[in-house]
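Report on the structure
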Amino acid sequence: FMWLIPLVRKFLIKYKKYNKVNGLLKGTTMDSTDTNIELAKDPKTSIDELQAFTLNENVWVRKAVASNTAISSELLEKLSHDKSLDVKASVANNKNTSSKTLELLAGDKDYCIRLIVAKNLNAPLAILENLAKDKDEDVRRGVAENVNCSEELFEALSEDEDENVQLAIAENINTPYEILEKLAKDGDQFIRRVILMHEYVPENIKLNIKRDGILDK
């Protein structure tokens, strides 16, 4: 069971660094006493009301507006300039955010915002390609987790110097089989085990890993 040690270590690192991002998206400290919050999140709220909420002094009301599934891309663009990291995080995560706004947020100085953009399923390939070269390994891992990566991106990130980026490639359901085979040969013990547990990996690849005897007991 010695192979479990790096597994636990990698999990703890991933959890710790993603905890801040999850907190930003969930709004764990959100003020629930303001009745405007629920109204700002409601897809049925009128455009005029949503526009008024973007100027609300309560940051949680503005965050709620930014997470509204019916908000316009124009209002999201406006909120992308908000001074609050929580608000910008919701804009970066919103499916209605335009490519132009996502491009702006992809250049944000805070890695959390860039990471959320990297994980946004509506992020254009050009943005993902730029973020795949980000100096922060967490942002690159966010790209590696995005199922909309191109084959070229999958291949480039499979050779990333950071093992957690490689791990994300091994876990991605859209990673081409040839790249998984290469990772199985060149990756570390933990990555090989992840590939073995991958439900979409062909049995012949799994058999090769087992047959080659490259797994520790």
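Provided above is the structure to which this section pertains.
So, here's what we can say about the structure. Fair warning: this is a prediction, and the values are worked out from it, not measured in the lab. (Residues numbered from 1 in each chain as written. Predicted model: local features only at pLDDT ≥ 70, side-chain atom pairs only at ≥ 80, totals over all residues. Heavy atoms only, no water.)

**Digging into the overall build of the chain**
- Looking only at helices and strands, the chain features 15 helices and zero strands.
- Here the chain holds 217 residues, and the buried ones make up 48% of them.
- Considering only residue pairs separated by 6 or more positions, the chain has 51% of its internal contacts joining residues 24 or more positions apart.
- When the accessible surface of the chain is totalled, it reaches about 11700 Å², and 53% of it is carbon and sulfur. (Helix = DSSP H or I, 4+ residues; strand = E, 2+ residues; numbered from the N terminus. Buried < 20%, exposed > 50% of the residue type's maximum accessible area, 1.4 Å probe, protein only. Contact = heavy atoms within 4.5 Å. Areas by Shrake-Rupley, 256 points an atom, 1.4 Å probe, with all protein chains shown as cover.)

**Some thoughts on the nonpolar core**
- Core analysis: the largest hydrophobic core is formed by 58 residues, its most contacted members being Val-117, Leu-131, Val-143 and Ile-195.
- Residue contributions to this core peak at seven residues, all from helix 8 (residues 111-119).
- Setting aside anything within four residues of it in sequence, one finds Val-117 in contact with Ala-92, Leu-102, Leu-105, Ala-106, Ala-123, Ile-127 and Leu-131. (Core = buried A, V, L, I, M, F, W, Y, C linked by side-chain atoms within 4.5 Å.)

**Considerations on a nonpolar patch on the surface**
- Where nonpolar side chains cluster on the molecular surface, the patch consists of Ile-173, Tyr-177 and Tyr-200 and spans about 320 Å² of accessible area.
- Secondary-structure assignment places Tyr-200 in the loop between helix 14 (189-197) and helix 15 (203-211). (Patch = residues over 30% accessible without salt bridge, like charges linked within 9 Å, V, L, I, M, F, W, Y side chains within 5 Å. Salt bridge = Lys/Arg side-chain N within 4 Å of Asp/Glu carboxyl O.)

**Re the packing of helix 11 (residues 151-158) against helix 12 (residues 163-171)**
- Across the interface, helix 11 lies against helix 12 with an axial gap of 8 Å and an inter-helix angle of 140 degrees. It follows that helix 11 is oblique to helix 12 by the angle criterion. On helix 12, the residues that touch Phe-154, Leu-157 and Ser-158 of helix 11 are Val-165, Gln-166 and Ile-169.
- Each residue belonging to the contact of helix 11 with helix 12 can be placed in one class, and the counts come to four nonpolar, two polar and no charged. (Axes fitted to C-alpha atoms, helices over the stretch in contact; angles between N-to-C directions. Parallel < 35°, antiparallel > 145°, perpendicular 65-115°, else oblique. Nonpolar A, V, L, I, M, F, W, Y, C, P; charged D, E, K, R; others polar.)

**Notes on the pattern of salt bridges**
- Counted according to the given criterion, the structure contains eight salt bridges.
- We note a salt bridge from Lys-182 to Glu-159, for which the minimum N-O separation is 3.7 Å. Residue Lys-182 is found in helix 13 (residues 177-186), and its partner Glu-159 is found in the loop between helix 11 and helix 12; the two are separated by 23 residues along the sequence.
- Since its relative accessible area comes to 37%, Lys-182 is described here as partly exposed.

**Some words on a negative patch on the surface**
- A cluster of acidic side chains, namely Glu-129, Glu-151, Glu-152, Glu-155 and Glu-178, defines a negative patch on the protein surface.
- Element by element, the count of residues in the negative patch is highest for helix 11, at three residues.
- On the secondary structure map, Glu-152 appears in helix 11. (Lys, Arg positive; Asp, Glu negative; His and termini not counted. Charge placed at Lys NZ, Arg CZ, Asp CG, Glu CD.)

**Some remarks on helix 13**
- What helix 13 keeps buried is the set Ile-179, Leu-180, Leu-183 and Ala-184. Projected onto a plane normal to the axis of helix 13, the buried residues spread over an arc of 145 degrees and lie on a single side. Residues Lys-185 and Asp-186 are exposed on helix 13 and point more than 90 degrees away from its buried face.
- Structurally, helix 13 contributes buried residues whose contacts are with helix 11, helix 12, helix 14 and helix 15. (Arc of directions from axis to C-beta.)

**Some points on helix 15**
- Every buried residue belonging to helix 15 is among Ile-205, Lys-206 and Ile-209, and all of these are buried. Take helix 15 and look down its axis: the buried residues cluster within an arc of 100 degrees, on one side only. Relative to its buried face, helix 15 has exposed residues pointing more than 90 degrees away, namely Lys-210 and Arg-211.
- On its buried side, helix 15 packs onto helix 13 and helix 14.

**A short note on the side chain of Ser-158**
- With respect to the secondary-structure elements, Ser-158 resides in helix 11.
- For Ser-158, a relative accessible area of 6% corresponds to the buried category.
- The contact partners of Ser-158, leaving out residues within four places of it in the chain, are Gln-166, Ile-169, Ile-179 and Leu-183.

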